Amino acid sequence: MPFPLWAYVALDAVKIEPKAYCDAWQGGGCEWEWGNDCTNRCNAQALNKSCKGCSVHHYEDSGNCIAGWQTCECYCSK
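From a predicted model like this one, the values you see are computed outputs, not experimental measurements. The residue numbering used here restarts from 1 in each chain and proceeds along that chain's sequence as written. Where local features are concerned, this predicted model is filtered to residues with pLDDT of at least 70; where side-chain atom pairs are given and counted, the filter is 80 or more; whole-chain, interface and lining totals use all residues. With hydrogens and water stripped out, all remaining heavy atoms of the structure feed into the side-chain values.

Details of the overall build of the protein
The helix and strand inventory of the protein stands at two helices and three strands. Note on classification: 1.4 Å probe, protein chains only; a residue is buried when its accessible area is under 20% of the maximum for its type, exposed when over 50%, partly exposed between these limits. Counting the 78 residues in the protein, one finds 33% classified as buried. Total accessible area on the protein is roughly 5000 Å²; 52% of this is exposed by carbon and sulfur atoms. For the purposes of this entry, the term helix denotes a DSSP run of H or I that reaches at least four residues, the term strand denotes a run of E that reaches at least two, and both are numbered from the N terminus. In these tables, accessible area is a Shrake-Rupley quantity obtained with a 1.4 Å probe, and a residue counts as shielded only by the protein chains included in the view.

Spelled out as structure tokens, the structure:
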């Protein structure tokens, strides 16, 4: 698998076809309230990823965090 397992779950969640998918990564670990920080972090980190010509997106996932906390998950797609 070229991407981590959670990236494929993200593909299912947002209905992106894999061929239109550029890259995926975790933008940050467990935090209580991401607010705009997740968006900002994904956009900043995308500069060092395979996102050229792609749109950057994010979502928050409870992952392995304690109740109420979430990770910042980033991906880019065409």
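There is more to say, and it comes next.
A look at the pattern of salt bridges
A pairing counts as a salt bridge when a side-chain nitrogen of Lys or Arg comes within 4 Å of a carboxyl oxygen of Asp or Glu. All chains considered together, the criterion is met by one salt bridge. For Arg41, the salt bridge identified is with Glu31, shortest N-O distance 3.8 Å. One end of the pair, Arg41, is in helix 2 (residues 37–45); the other, Glu31, is in strand 1 (residues 21–31), with 10 residues separating them in the sequence.

What to know about the packing of aromatic side chains
The aromatic pairing rule takes the rings of Phe, Tyr and Trp, using the six-membered ring of Trp, and pairs them if the centres are within 6.5 Å, calling planes under 30 degrees apart stacked, those over 60 edge-to-face and the rest tilted. Inspection of every chain in the model, using the stated rule, returns two aromatic pairs. Between Trp32 and Trp69 the ring centres are 6.2 Å apart and the planes differ by 70°, which places this aromatic pair in the edge-to-face class. You can see Trp32 sitting in the loop between strand 1 and helix 2 and its partner Trp69 sitting in the loop between strand 2 (55–61) and strand 3 (70–77), a full 37 residues away along the chain. On the basis of relative accessible area, Trp32 is assigned to the exposed category, the value being 54%. With a centroid separation of 6.3 Å and an interplanar angle of 55°, the aromatic rings of Tyr59 and Tyr75 are classed as tilted. With Tyr59 in strand 2 and Tyr75 in strand 3, this pair connects stretches of sequence that are 16 residues apart.

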